[in-house]
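A structural walkthrough
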Protein chains: 4
Amino acid sequence: MDLEKIAQSLDKVLDAGRREIPFGEVADYIPELAKSDKNALGIAIADRSGQVYSAGDVETRFTVQSISKVITLSIALETCGYDAVFQRVGMEPSGEAFNSIVELDLVSGKPYNPMINSGAIAVTDLLMGKINFTQMLDISRKLMRDDSIRLDEKVFRSEMDHCERNRAIGWLLKSKGIIENDVDEILKLYTAMCSLSVNACSLANLGLTLACDGADPVTWERVLSSDTVKVVKTIMLTCGMYDGSGQFAVEVGLPTKSGVGGGLLSVVDKLMGIGIYGPSLDKKGNCIAGGAMLRYLSSKFRLHMFQN
Amino acid sequence: MDLEKIAQSLDKVLDAGRREIPFGEVADYIPELAKSDKNALGIAIADRSGQVYSAGDVETRFTVQSISKVITLSIALETCGYDAVFQRVGMEPSGEAFNSIVELDLVSGKPYNPMINSGAIAVTDLLMGKINFTQMLDISRKLMRDDSIRLDEKVFRSEMDHCERNRAIGWLLKSKGIIENDVDEILKLYTAMCSLSVNACSLANLGLTLACDGADPVTWERVLSSDTVKVVKTIMLTCGMYDGSGQFAVEVGLPTKSGVGGGLLSVVDKLMGIGIYGPSLDKKGNCIAGGAMLRYLSSKFRLHMFQN
Amino acid sequence: MDLEKIAQSLDKVLDAGRREIPFGEVADYIPELAKSDKNALGIAIADRSGQVYSAGDVETRFTVQSISKVITLSIALETCGYDAVFQRVGMEPSGEAFNSIVELDLVSGKPYNPMINSGAIAVTDLLMGKINFTQMLDISRKLMRDDSIRLDEKVFRSEMDHCERNRAIGWLLKSKGIIENDVDEILKLYTAMCSLSVNACSLANLGLTLACDGADPVTWERVLSSDTVKVVKTIMLTCGMYDGSGQFAVEVGLPTKSGVGGGLLSVVDKLMGIGIYGPSLDKKGNCIAGGAMLRYLSSKFRLHMFQN
Amino acid sequence: MDLEKIAQSLDKVLDAGRREIPFGEVADYIPELAKSDKNALGIAIADRSGQVYSAGDVETRFTVQSISKVITLSIALETCGYDAVFQRVGMEPSGEAFNSIVELDLVSGKPYNPMINSGAIAVTDLLMGKINFTQMLDISRKLMRDDSIRLDEKVFRSEMDHCERNRAIGWLLKSKGIIENDVDEILKLYTAMCSLSVNACSLANLGLTLACDGADPVTWERVLSSDTVKVVKTIMLTCGMYDGSGQFAVEVGLPTKSGVGGGLLSVVDKLMGIGIYGPSLDKKGNCIAGGAMLRYLSSKFRLHMFQN
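Residues numbered from 1 in each chain as written. Chains lettered and ligands numbered in written order. Predicted model: local features only at pLDDT ≥ 70, side-chain atom pairs only at ≥ 80, totals over all residues.

What about the arrangement of the chains?
Keep this limit in mind: Contact definition: two residues whose C-beta atoms, as placed from backbone geometry, lie within 7 Å.
Taking C-alpha atoms only, the smallest gap left between chain A and chain C, which are not in contact, amounts to 12 Å. Taking C-alpha atoms only, the smallest gap left between chain B and chain D, which are not in contact, amounts to 11 Å.

Focus on the relation of the copies chain A and chain D
Comparison of the two chain copies shows a relationship of rotation about an axis with a shift along it. For clarity, the threshold we go by: The atoms used to superpose the copies are C-alpha atoms, taken from residues with pLDDT of at least 70 in both, and the fit is least squares.
Superposing chain A onto chain D takes a rotation of 180° plus a shift of 0.0 Å along the axis, which leaves an RMSD of 0.0 Å. The symmetry that links the two subunits is that of a two-fold axis. Looking at chain A, 100% of its interface residues are interface residues in chain D too, so the copies touch through the same face.

Side note on helix α13 (residues 226–239) of chain D
Put simply, the rule reads: The helix and strand labels rest on DSSP assignments: H or I over at least four residues marks a helix, E over at least two residues marks a strand, and numbering proceeds from the N terminus. In a helix, the anticipated span is given by 1.5 Å times the number of residues less one. Counts of 20 or more other C-beta atoms within 10 Å of a residue's own C-beta define buried residues, counts of 12 or fewer define exposed ones, and intermediate counts define partly exposed ones; C-beta atoms are placed from the backbone.
In a regular helix each residue adds 1.5 Å, so 14 residues correspond to 20 Å; α13(D) covers 20 Å between its end C-alpha atoms and thus fits that length. Taken residue by residue, α13(D) has D:T228, D:V229, D:K230, D:V231, D:V232, D:K233, D:T234, D:I235, D:M236, D:L237, D:T238 and D:C239 as its buried positions.

Section: the sheet that holds strand β6 (residues 196–198) of chain C
In sheet architecture, strand pairing relies on hydrogen bonds along the backbone and comes in two forms, parallel and antiparallel. All names here are of chain C. This is how the line gets drawn: By this definition, two strands are paired if DSSP reports at least two bridges between them.
With antiparallel pairing, three strands are arranged side by side in an open sheet as β4-β6-β5. The strands lining the two open edges of the sheet, one partner per strand, are β4 (62–63) and β5 (150–151). Looking at chain direction, β4 and β6 are connected through two bridges and run antiparallel. Its bridge partner lying in β6, T63 is registered against S197.

Details of the environment of B:G285
Residues and elements named next belong to chain B. Locating G285 in the fold gives a position in the loop between β10 (280–281) and α15 (288–300). Residue G285 is classed as buried on the basis of its C-beta count, with 20 C-beta atoms lying within 10 Å. The spacing of G285 and N199 is 86 residues in sequence and 19 Å in space, taken between C-alpha atoms.

A few points about the domain arrangement of chain A
Residue and element names in this part refer to chain A. To keep things clear, this is the line we draw: Where each domain begins and ends follows an automated or database-derived domain assignment. Only Asp, Glu, Lys and Arg are considered charged, only Ala, Val, Leu, Ile, Met, Phe, Trp, Tyr, Cys and Pro nonpolar, and every remaining residue, Gly among them, polar.
Assigned domains of chain A: these are domain 1 (3–64 + 198–300) and domain 2 (66–194). Contact residues are listed per partner, giving 35 residues for domain 1 and 33 residues for domain 2. Of all the elements in the fold, those that place two or more residues in the side of domain 1 that touches domain 2 are α3 (31–34), α12 (200–211), α13 (226–239), α14 (245–251), β7 (256–258) and β8 (263–268). In terms of residue class, the side of domain 1 that touches domain 2 is built from 17 nonpolar, 14 polar and four charged.

Details of the pairing of strand β9 (residues 272–277) of chain A
All names here are of chain A. Judged by how many residues are buried, β9 sits mostly within the fold: six of six residues are covered. By the alternation rule, side chains of β9 split into M272, I274 and I276 and G273, G275 and Y277, which are all buried. Looking at chain direction, strand β2 (residues 42–47) and β9 are connected through six bridges and run antiparallel. Counterpart to I43 in the pairing with β9 is I276. The pairing of β8 with β9 spans six bridges and is classified as antiparallel. Its bridge partner lying in β9, V268 is registered against M272. Between β8 and β9, which pair antiparallel one after the other, the connecting turn spans three residues, and K270 there sits at a positive phi close to 70°.

A closer look at the sheet that holds strand β3 (residues 52–56) of chain A
Residues and elements named next belong to chain A. The line we're drawing: In this analysis an axis means a line fitted to C-alpha atoms, helices contributing only their contacting stretch, and an angle means the value between N-to-C directions, from 0 to 180 degrees.
As summarised here, the arrangement of the five strands in space is β3-β2-β9-β8-β7, forming an open sheet in which the pairing is antiparallel. Two strands close off the open sheet at either side, each with one partner strand: β3 and β7. Taken over all neighbouring pairs, the strand axes of this sheet differ in orientation by 10° on average, direction set aside. Packed onto the sheet, helix α2 (residues 10–18) meets β2 and β3 and runs at close to 45° relative to β3.

Section: the interface of chain A and chain D
Taken residue by residue, the interface counts 29 residues in chain A and 29 residues in chain D. Those elements that provide at least two residues to the side of chain A that touches chain D are α13 and α14 of chain A. In terms of residue class, the side of chain A that touches chain D is made up of 10 nonpolar, 12 polar and seven charged.

Remarks on the confidence of the model for chain A
As a reminder of what qualifies: Confidence scores here are pLDDT values: one per residue, from the predictor, ranging 0 to 100.
Residues at a pLDDT of 70 or more form 95% of chain A, whose mean pLDDT is 93. The ipTM value of the predicted complex is 0.94, and its pTM value is 0.93.

Describing the environment of A:I45
All names here are of chain A. For I45, the location among the structural elements is in strand β2. As for I45 and S9, which are separated by 36 residues in sequence, their C-alpha atoms are 12 Å apart. For I45, the residues in contact, after removing those within four places along its chain, are I6, V52, Y53, A204, M272 and I274.

So this is what it looks like as structure tokens:
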């Protein structure tokens, strides 16, 4: 692994991604998200020394959206333990789209996994009363080594005004006894975590924390336990890219999670974290340029977990 | 058709039903419903002369529950017209249980039919702003020739406190743009109509109104149009008994609708209306004794629509 | 009911149908069927006196296809009895397309109803060893009062060469223990019954036999029992038009069965039989002009079962 | 990684597995498989030096069953290329059981992945005419470094006599145009590959070949290309344990494939191959003792792919 070479090639990587932008679309189901610049694109790579290499729009702030599922799952594993979490949600990849109600209703009693909306809502319920948003924001800042992360109030309000489907999911979970707290309160916390304002560098640092087993690679301060990080990376690998997770694992071979805000978080285990911003999404809701960039990086620099 | 003979045989009919009671269960998902006397059983038959023959517990009041779907559909057809209603809901029987969310989510854009919860909620939304509960109560009283019908406040409140699944359905309909009004307001009206307190005689009279093409057979006052009644009876026949509707049509051959409160409404077209009360339900949520009684009546007195 | 008026209006009825022809398509999944003349259209009505009124292409022979399911079910009810048949197949309408494998596999142990392929294949299996094709052909001729009905060898062979999906259904039924005989032998008998060559008049006479409770209305020879006919008409009503059965029951209100060969069989109970030929099919696989013609007839002459 | 320590602990590993045996069942859907000794249990571990450490019943021969899907996929990737294979089958994990027909029929045009029956049958079709069974047997022997592997004729015949469901799958694939060759011929080749007679040591060697990037670690003879092995290991990880794959990836973190004959093949990338025999299966069809043994090994010797 020659990190310098990777750093030097970031413009080429950006080119590989840029070509895909026209084939995607900016998420428009929430007015605030629809305002994003479709052509924005940036990539940041954080290595074990703590240094961050970057190219493109890496300062642009955007909301973390579904990538918050990684943070929420991590906090829940630390706070409530493995057994409590997986009594509520499964660990199986889902062949359906990211907010499917069908499978939730057909499955005997729990959401497929914590990377889809129903699963993350169930995990959020578990956290209520044990930790509040301010504390979760604080952990998020540590995980991403970025103290300027804050709640994007506009996106938060826009999402709360357009979360009919999540309300349906919430009430269905409630009717099945999977969640216990007030549906509205759970959705507020869930949506607040989705509305954290980050940039590509924050995500690269989050990836690095996961690559480094949950510890800050510079200060050696441990933020998450080793066991938590192992579980989170595995679930990112098998479930992180919605119903394109299997193909992504084959082609890229890195634990990765996407958000409809355009973010992409990827982990090169033991080596580095990758953060990408590009709001043009493919049909499965994943950053279209980011997928191409990760395929390029994985192939050129042999980053696939099963690469020889 | 020898109505006198039917009237004389009502005790035998009651016996045929009573034998089935032990094999059913009282609905227990709402505390107020669970209080019903499992062994209660009554049948009332109203003929064209307006006379009502009855046996058993025909004075006992109970909530009409899903039988209100027949009334709501009738009012919607009168108020909004055939096209507006069936732009919102389909007319196909549903192979799933009575409050299935799965099919709603899989189907391209509307609930299967107006006899399942999702369909009735969509029809209720259509009525909002055009008619209020007091007016609907008034029509209900006319249809059942029973001025003492009122809202059972206890059941209403108990149901509003336990309608998580209906809330999930409501929000799912909202997320798909099938309903327009406030979910909570729609559910209140929907649940109020389910909470009308009737008895077996009221249902027999409702059946008679439908048998007589929408007119009061004694005063000849028309409550519903001929077209509305034709549609309502057909949908009762194909969809009225949840996922047991097909078998019921074969074995009994009469448009019939059940409610989890224990009510059963049946129509012998052009001849009479039948109302039954028996809160012990079979696995599909239909009055278990009532099914047996209708099979007995249909077979012995040749009431099946395709009987020679 | 003024039969003479109906007879006189047949050209108008034909016009009502002809307008729909361009919006449909001839079935093309079997080469022999694809050869049909898309613009062909004919209607025949047989009344209780045995007289047949007709207009259009009523002499053209075509294969009966799924309308044979009505005949096979009738024979099975007569030969094996109600209990044996409905131990094998259900009576519930199916929300899916006419040859759905999904529901067969999801349903615990039997096909939804005898009007879909899986159900008819299961019913055919039941008949094997008890009755042979020659005998079934003979009954078919009697039911349709048409001695020239024969097997269309070309269509039969074409279908046997293109019945991969039915083979899949057959083996799935076999794997579930629903059928007992050799899959290939069952499919031969099933396909032979689909390949009977009839015309609109034959179907009108079949409808008349069903309208007359299973007896030839002229000779009074009984071909089917009263109970069998009651069951068959009900199932035609609830399941005869695939996943458009509910809407058809509301709009037309007559037991009807369609075949992809372009045939349509309809029963005006106690009064007459209707046979239609028109190979242009709607998206659900039903004769598109025939649907329009039956809606016209039902509305104009008040033939709906629940018409006042 | 201290291989010697692992070798010394194999008896303890065996104990950890043996405790689970009573909670499983021997597969009984094929008579020949039902004859297996439920209490048999063995484990073999092959390291890069080519040495094999073992304990328990490692000489017992059994049929490879679904583990052959790994071999067939490997051969198909080598013979036909990545694009041709994944035009036919997907790469997404399947939330359903191992031979589900439902999802095959619901999915637009191809089986979910090559590790379920429908996918493996589609891959086998692709190979027909390009390679014959004798050649595939020869490759299998090389991959497992075991020249005594042969076809178990009894199991082969028993399976061919009880493969109704696979026939249904085959005809469904045929009806959808996914496979091209004669269904019976494809099933013969598919079933022959399932009927290869191996032992735990053969599987350990197969695992080693995959761990060593497709080359024999002693002779350095390359049997599979690096790219093929990367794909195969990823798909084993995400799809190898049926609908328990996600949980297995979290808990064990090793590419693994099970067979209903009781075999388990696991790969510790770059280090070793593990072969297990234990015919007592859990409810998902995976060797129940083997799962426990791999969890024990992964945890105690830190073999999880994302272990720090």
